[in-house]
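As a plain string of letters, each chain reads:
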Amino acid sequence: MSKTQRSHLLLENYIGGKFVPCVSHIDSYDPSTGEVYCKVPDSGQDEVEAAVAAAKEAFPGWSARSPEQRAQVLNKLADLMEANMEEFAKAESRDQGKTVTFARTVDIPRSVYNLRFFASSVLHHTTDCSQMDHMGCVNYTVRSPVGVAGLISPWNLPLYLLTWKIAPAVVTGNTVVAKPSEMTSVTAWMMCKLMQEAGVPPGVINVVFGTGPKAGDALVGHPDVPLVSFTGSTATAQRITERSAPYCKKLSLELGGKNPALVFADADMDQCIATTVRSSFSNQGEICLCTSRIYVERSIYPEFLERFVAEARKWRTGVPSDPSNNNGALISKEHLEKVRSFVALARSEGGTVHCGEGVDQVELPQRNASGYFMPATVISGLPNSSRVMQEEIFGPVTCVSPFDTEDEAVSKGNDVRYGLAATVWSRDVGKVHRVARRLQAGLVWTNCWLVRDLNLPFGGMKNSGVGREGGRDSYHFFTEVKTITIKH
């Protein structure tokens, strides 16, 4: 491993099949200790220019390969990552703050599966054909790769969401320039070390590390990058849209969420509470699909709140390497302060904080005393107009509120600018179908959470994004369609 003289991990960009040093670096922190442990390239225009040039040069040869040949390379990369599963899981935990258990059971297995899934699905798409016998014509469609894809992934599920973009982009014949979050770059760099052995030709996958305003801006504004896939904040997506507009780029934007759970009186209470604790607090609440507003039918509201708070208190927060802990540390000091500020705001508005921040202490060893830890926090008594109920907090915080009628539940569920995901809890089959149709969300789970078939569309409504990704949707996004008419 590359190290600096103070034993910091020193990352390098991966451009044209080679690791390239960078002149300046950004400090990257271990969230569980609050200490700098890694130096990440602070890339800008020059590094992005070199990466785009390498990707452009590699495009003709890579796009000329058959889907089967490209899939073979992805499957080999997946095998190599799986063989290094434990190393990747520990690195993801240290870099992001999540527990090693979560990285080992969720992040890295799903990263491997992303590669295998798209390597398989690309072999099973069909195109359209129509006959016009009265005109003596037949029409058919063909799909071609677009060119250099700009891929920007976030810090919450670093390798998981990076591979979700890289896999469909390259298997359809594009070449890529990827920019992971500067806060969580290590597993992307580790993956680059496997590229050569996997048989990835130089320039097909380039990874440039750095910040959004420098490296990200240079990438999305580059005239030779015709499509951009981004996962992150709505504010950044607005900037990307503005920078892309002069070039009419294809955009896929997966943004924030303020996801409701609607709990009806006939719900299976045991299953609902266990799953909703998990959906509210998994990965420190740092998943765009986490539940942050829970609306409960009034007749069961007191019982639900009491039992939910009791279960939330059992959700253990602590050192990420301890297998008995459910949550580790939040990503950064700044983010921890932001999440805490929402809890303080809730208190100032008359909300009740039942457990978590300011109520329960996180017991930590001395080494982790400066880490960015926050216990699972449950709040009640806030109006829907509160910023705590309206804005994405992205931490281990959820709010519980009662409702009286189905119409009121749907209205409250939809009363935010986001529309990514929702959950509905009821034994009434007619009700779950009816409510699911009325909720303004790209994904609705009923009596479960985070059950994903990667063939199906993923994405949000309203301010939660533009476009969808998934088996067929990613295939369509990362290719251009052409209609050909033959007169005979």
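Here the structure is a predicted model, which means the values were calculated and not measured.

A.B. asks: What am I meant to see in the overall build of the protein here?
C.D. replies: Looking only at helices and strands, one finds 16 helices and 23 strands in the protein. Taking 23 Å as the expected radius of gyration for a compact globule of 488 residues, we find that the protein reaches 23 Å, a close match to that expectation. Considered along the principal axes of its C-alpha atoms, the protein spans approximately 75 × 70 × 40 Å. Counting every position in the protein, which comprises 488 residues, the buried fraction comes to 58%. With an accessible surface of roughly 19600 Å², the protein has 51% of that area assigned to carbon and sulfur atoms.

A.B. asks: What should I look at first to understand the sheet that holds strand β17 (residues 397–403) in this one?
C.D. replies: Across a sheet, strands are paired by hydrogen bonds formed along the backbone, either parallel or antiparallel in direction. Spatially, the seven strands line up as an open sheet ordered β15-β16-β17-β14-β13-β19-β20, and their pairing is mixed. In this open sheet, the two strands that pair with only one neighbour each are β15 (352–355) and β20 (443–446). Taken over all neighbouring pairs, the strand axes of this sheet differ in orientation by 25° on average, direction set aside. Here strand β14 (residues 291–297) runs beside β17; their pairing, made up of five bridges, is parallel.

A.B. asks: I'm lost on the sheet that holds strand β5 (residues 35–41) in this one. Help?
C.D. replies: A sheet is described by the order of its strands in space; here three strands give the open sequence β1-β5-β4, paired in mixed fashion. With one partner strand each, in any of the chains shown, β1 (9–10) and β4 (25–30) form the two edges of the open sheet. Across six bridges, the pairing between β4 and β5 is antiparallel. Counted as the bridge partner of D30 is E35 from β5.

A.B. asks: Got a minute to help me understand the nonpolar core in this structure?
C.D. replies: Membership of the largest hydrophobic core comes to 75 residues, with the highest contact counts inside it found for M81, M191, I205 and L289. Per element, the largest residue contribution to this core is ten residues, and it comes from helix α5 (residues 158–171). Not counting residues up to four positions away in its chain, the partners in contact with L289 are N259, L420, A421, L443, W445, W449, L450 and F458. In terms of nonpolar packing, the next biggest core, distinct from the first, is built from 29 residues, L345, V353, V432 and V435 among them.

A.B. asks: Can you walk me through unusual backbone geometry in this structure?
C.D. replies: Trans peptide bonds make up most of the peptide bonds, and negative phi angles are found at most residues other than glycine. Backbone geometry at N283 places phi at a positive 55°, although glycine is not the residue there. Take N283: it is sitting in the loop between α10 (269–281) and β14.

A.B. asks: Can you walk me through the pairing of strand β9 (residues 175–179) in this structure?
C.D. replies: Across a regular strand the side chains alternate sides, sitting on one face of the sheet and then on the other. Buried residues dominate β9, accounting for five of its five residues. Of the two faces of β9, the one carrying T175, V177 and K179 and the one carrying V176 and A178 are both buried. Alignment of strand β8 (residues 148–152) against β9, held across five bridges, turns out to be parallel. Across the sheet, A149 pairs through a bridge with V176, a residue of β9. Taken together, β8, α5 and β9 form a β-α-β motif whose crossover is right-handed. Bridge count for β9 against strand β10 (residues 205–207) is three bridges, and the pairing is parallel.

A.B. asks: Would you explain the pattern of salt bridges in this entry?
C.D. replies: Between side chains of opposite charge, pairing is possible as soon as their charged atoms come close. Evaluation of the coordinates by the stated rule reveals 22 salt bridges. For R243, the salt bridge identified is with D217, shortest N-O distance 3.0 Å. Separated by 26 residues along the polypeptide, R243 in helix α9 (residues 234–244) and D217 in helix α8 (residues 212–220) bring together distant segments of the chain. By relative accessible area, D217 is classed as buried at 17%. We note a salt bridge from E357 to R340, for which the minimum N-O separation is 3.4 Å. Remark: R340 occurs in helix α12 (residues 333–348) and E357 occurs in the loop between β15 and β16 (377–380); sequence separation between them is 17 residues. Accessibility expressed as a relative area gives 17% for E357, which makes it buried. Counted as one network, the salt bridges with shared partners bring together E406, D407, R434 and R438.

A.B. asks: I would appreciate a short explanation of helix α4 (residues 100–121) in the present structure.
C.D. replies: In an α-helix, one turn spans 3.6 residues, which is why side chains three or four residues apart end up on the same side. Compared with the 32 Å implied by 1.5 Å per residue over 22 residues, the 30 Å span of α4 between its first and last C-alpha is a close match. Its maximal kink placed at R110, α4 deviates by approximately 25°.

A.B. asks: Looking at this model, I keep getting lost on the packing of α10 against helix α11 (residues 301–313). Mind explaining?
C.D. replies: Helix-helix packing is described using two parameters, namely the angle between the two axes and the distance between the axes. Where α10 meets α11, the axes come as close as 10 Å, and the angle between the chain directions of the two elements is 50°. Taken as axis vectors, α10 and α11 run oblique relative to one another. Here α10 and α11 pass one another in a crossing that is right-handed. Along its contact with α10, which presents M269, D270, C272, I273, T276, V277, S280 and F281, the element α11 presents E303, F304, R307, F308, E311 and A312. Residue composition of the contact of α10 with α11, grouped by class: eight nonpolar, two polar and four charged.

A.B. asks: Before we go on, may I ask you to explain helix α2 (residues 67–83) in this structure?
C.D. replies: Over its 17 residues, α2 runs 24 Å from end to end, which matches the ideal 24 Å to within 8%, given 1.5 Å per residue. Contacts from the buried residues of α2 go to α1 (45–64), α3 (85–96), α4, α5, α6 (186–192) and α7 (195–198).

A.B. asks: Would you mind going over the environment of V339 with me for this structure?
C.D. replies: With respect to the helices and strands, the residue V339 is situated in helix α12. Taking the C-alpha atoms as reference points, V339 and E392, separated by 53 residues in sequence, lie 9.6 Å from one another. Ignoring anything within four residues of it in the chain, the contact list for V339 reads L330, M374, I393, F394, G395, P396 and V397.

A.B. asks: Could you clarify how one ought to interpret the packing of aromatic side chains in this entry?
C.D. replies: The description of an aromatic ring pair rests on the distance of the ring centres and on the angle between the ring planes. Counted by the stated rule, this structure contains nine aromatic pairs. For the cation-ring pair, R110 lies above W164, with the distance from its terminal atom to the ring centre recorded as 5.2 Å. The lysine or arginine in question, K193, covers the ring of W189, its NZ or CZ lying 4.4 Å from the ring centre.

A.B. asks: Got a minute to help me understand the environment of T33 in this structure?
C.D. replies: Take T33: it is sitting in the loop between β4 and β5. Expressed as a C-alpha distance, the spacing of T33 and R367, which sit 334 residues apart in the sequence, is 6.5 Å. Those residues within four positions of T33 in sequence are excluded, and the remaining contacts are R367, N368, S370 and G371.

A.B. asks: It is not clear to me how the pairing of β8 should be interpreted in this structure. Could you clarify?
C.D. replies: Counting buried positions along β8 gives five out of five residues, so the element sits mostly inside the fold. Of the two faces of β8, the one carrying V148, G150 and I152 and the one carrying A149 and L151 are both buried. One ladder, built from four bridges, connects β8 with strand β11 (residues 227–231); its direction is parallel. Note that in β11 the partner of I152 across the bridge is F230.

Parameters at a glance
- Residues numbered from 1 in each chain as written.
- Predicted model: local features only at pLDDT ≥ 70, side-chain atom pairs only at ≥ 80, totals over all residues.
- Heavy atoms only, no water.
- Helix = DSSP H or I, 4+ residues; strand = E, 2+ residues; numbered from the N terminus.
- Rg over C-alpha atoms; globule rule 2.2 N^0.38 Å.
- Buried < 20%, exposed > 50% of the residue type's maximum accessible area, 1.4 Å probe, protein only.
- Areas by Shrake-Rupley, 256 points an atom, 1.4 Å probe, with all protein chains shown as cover.
- Pairing = 2+ DSSP bridges.
- Axes fitted to C-alpha atoms, helices over the stretch in contact; angles between N-to-C directions.
- Core = buried A, V, L, I, M, F, W, Y, C linked by side-chain atoms within 4.5 Å.
- Contact = heavy atoms within 4.5 Å.
- Right-handed = clockwise from strand over helix to strand, strands pointing away.
- Salt bridge = Lys/Arg side-chain N within 4 Å of Asp/Glu carboxyl O.
- Expected span 1.5 Å × (residues − 1).
- Bend = angle between axes of the 7 residues up to and from the residue.
- Parallel < 35°, antiparallel > 145°, perpendicular 65-115°, else oblique.
- Left-handed = near helix turned anticlockwise from the far one by under 90°.
- Nonpolar A, V, L, I, M, F, W, Y, C, P; charged D, E, K, R; others polar.
- Phe/Tyr/Trp six-rings, centres within 6.5 Å; stacked < 30°, edge-to-face > 60°.
- Lys NZ or Arg CZ within 6 Å of the ring centre and 35° of its normal.

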